[in-house]
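Summary of the model geometry
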Amino acid sequence: MFSEKMLKLGTNRSVIRDLFEYAKKRKAEIGEDKVFDFSIGNPSVPAPACVREAAIDLLQNEDEVLLHGYTSAQGDAGLRRNIAEYINEQHGTSLTADSLYITVGAAASLTISLTALAEDGDEFITFAPFFPEYRVFVEKTGSKLVVVNSSPEDFQIDCEAFEKALTPHTKGVILNSPNNPSGVVVTEECIKTVCGILEKKQEEYGHPIFLITDEPYRELVYDGVKVPYLMNYYDNTIVCYSYSKSLSLPGERIGYIAVSDKAVEWKNIYAAICGAGRALGYVCAPSLFQQVVARCIGKTSDVSVYKKNRDILYNALTEYGYRCIKPDGAFYLFVEALEKDAGAFSEKAKEFELLLVPADSFGTPGFVRISYCVSTEQIEKSLPAFKALAESYGR
């Protein structure tokens, strides 16, 4: 009568969403200021002024029929051209409007790209810790997700383990940097090694292997850390991007796919992406926010707030005896649980009104993710609870 697989996905929500819903219920019971919700990556910093200004101007001065009408299936040509020119200016690439497909956020970018590439028997590799929905996106295509553990010391890619995981069935590699949930930025040295391995394996297997980069946190980096632009290191690259974090627009669902014009048969890859968008119903992203984004390219929210939150939280938790992976980007702190079972630790944290996401579904048991994209006031108020939690474990 219906898909059992889809029923399972619909009735078994992600642990992140479960905690998010629990937080709303708990706040209604005891007061919002008494619950320390670190569950979801929902930006707390307002969108830059250009977003409001653009939206108001468009709504007041543009033709309403055109403003709210359909764009081309792959997105407005002017927006695609502007994004291509910006990427070229920033990274020295040579993209055109016909390299870009506008999407409803990074999730759509990934699902479209995977659907465009996947054939029977294919495998896609990613690195733990990873965003749990990768498994859903890959398996929906009928492909297999292969997970490679990262180095336990610094969560950089274990390149030796990566090379061993590649097989003739490998169609692509999903790489997320800055990483959700660890906040780690993959180093240029590591990127070069990964790309060298891919070049060698492409030649050995006689078919292309695609590097699919998931980049919603590209601009959220601290202390001058560089995020390598993968198209400059590997030709067969597809970039999946979202403005959800950089412009604080998660609810507006706007992003893009960029196909490297150096990729093998890149025009056919782009056509397959257009076809996948059509098959999935992901055509003509929200028209109003296509026009808003067109006026805000290169702008970001005030990411200095996230750095301040990171520093307060990281310094305090390490002082209390927690082992934390210091994030160079994104807005997540990856913390080793104070007992082997991260789920049990997360439940214990609830006794102190701390909502922390156990990382088992991220492929890294024994850790929790703390989303510090909250108010600095919440960070500061939560510190006694974190200290009490540590003390309950004898720290």
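Keep in mind that what you see is a predicted model, and the values were worked out from it rather than measured.

Details of the layout of surface pockets
Estimates place the volume of the largest pocket at around 1300 Å³. What lines the largest pocket is a set of 42 residues, and nearest its centre among them are Ser14, Phe131, Pro132, Glu133 and Phe137. Residue assignment for the lining of the largest pocket shows that the elements contributing at least two residues are α1 (4-11), α2 (15-30), α6 (105-117) and α7 (133-140). With 7 residues, the top contributor of residues to the lining of the largest pocket is α7. Its residues assigned to classes, the lining of the largest pocket shows 20 nonpolar, 9 polar and 13 charged.

Section: the pairing of strand β10 (residues 332-336)
Most of β10 sits inside the fold, with 4 of its 5 residues counted as buried. Two elements, strand β9 (residues 324-325) and β10, share 2 bridges in a ladder whose sense is antiparallel. Each bridged residue has a counterpart across the sheet, and for cysteine 324 the counterpart in β10 is valine 335. Counting the residues that bridge the hairpin from β9 to β10 gives 6 residues, and of these alanine 330 lies at a positive phi of roughly 60 degrees. Both β10 and strand β13 (residues 367-371) contribute to a ladder of 5 bridges, which runs antiparallel. When the sheet's bridge partners are listed, leucine 333 is paired in β13 with isoleucine 370.

Some words on the pattern of salt bridges
A complete count under the given rule lists 24 salt bridges for this structure. Measuring nitrogen to oxygen at the nearest pair gives 2.5 Å for the salt bridge that ties arginine 295 to aspartate 57. Highlighted residues: arginine 295 in the loop between α11 (287-294) and α12 (304-320) and aspartate 57 in helix α3 (residues 49-61), separated in sequence by 238 residues. Judged by relative accessible area, arginine 295 falls into the partly exposed class, the value being 41%. With a relative accessible area of 27%, aspartate 57 lands in the partly exposed category. The salt bridge involving lysine 171 is made with glutamate 119; its shortest N-O contact spans 2.9 Å. Highlighted residues: lysine 171 in strand β5 (residues 170-176) and glutamate 119 in the loop between α6 and β3 (123-128), separated in sequence by 52 residues. Beyond isolated ion pairs, a larger network of salt bridges with shared partners links Asp223, Lys307, Arg310 and Asp311.

Rules used throughout
Residues numbered from 1 in each chain as written. Predicted model: local features only at pLDDT ≥ 70, side-chain atom pairs only at ≥ 80, totals over all residues. Heavy atoms only, no water. 1 Å grid on protein atoms, 1.4 Å probe; cavity = no way out; pocket = protein on both sides within 12 Å on 5 of 7 lines; lining within 4 Å. Points joined across faces, edges and corners; volume = space filled by probe spheres on them. Helix = DSSP H or I, 4+ residues; strand = E, 2+ residues; numbered from the N terminus. Nonpolar A, V, L, I, M, F, W, Y, C, P; charged D, E, K, R; others polar. Buried < 20%, exposed > 50% of the residue type's maximum accessible area, 1.4 Å probe, protein only. Pairing = 2+ DSSP bridges. Salt bridge = Lys/Arg side-chain N within 4 Å of Asp/Glu carboxyl O.

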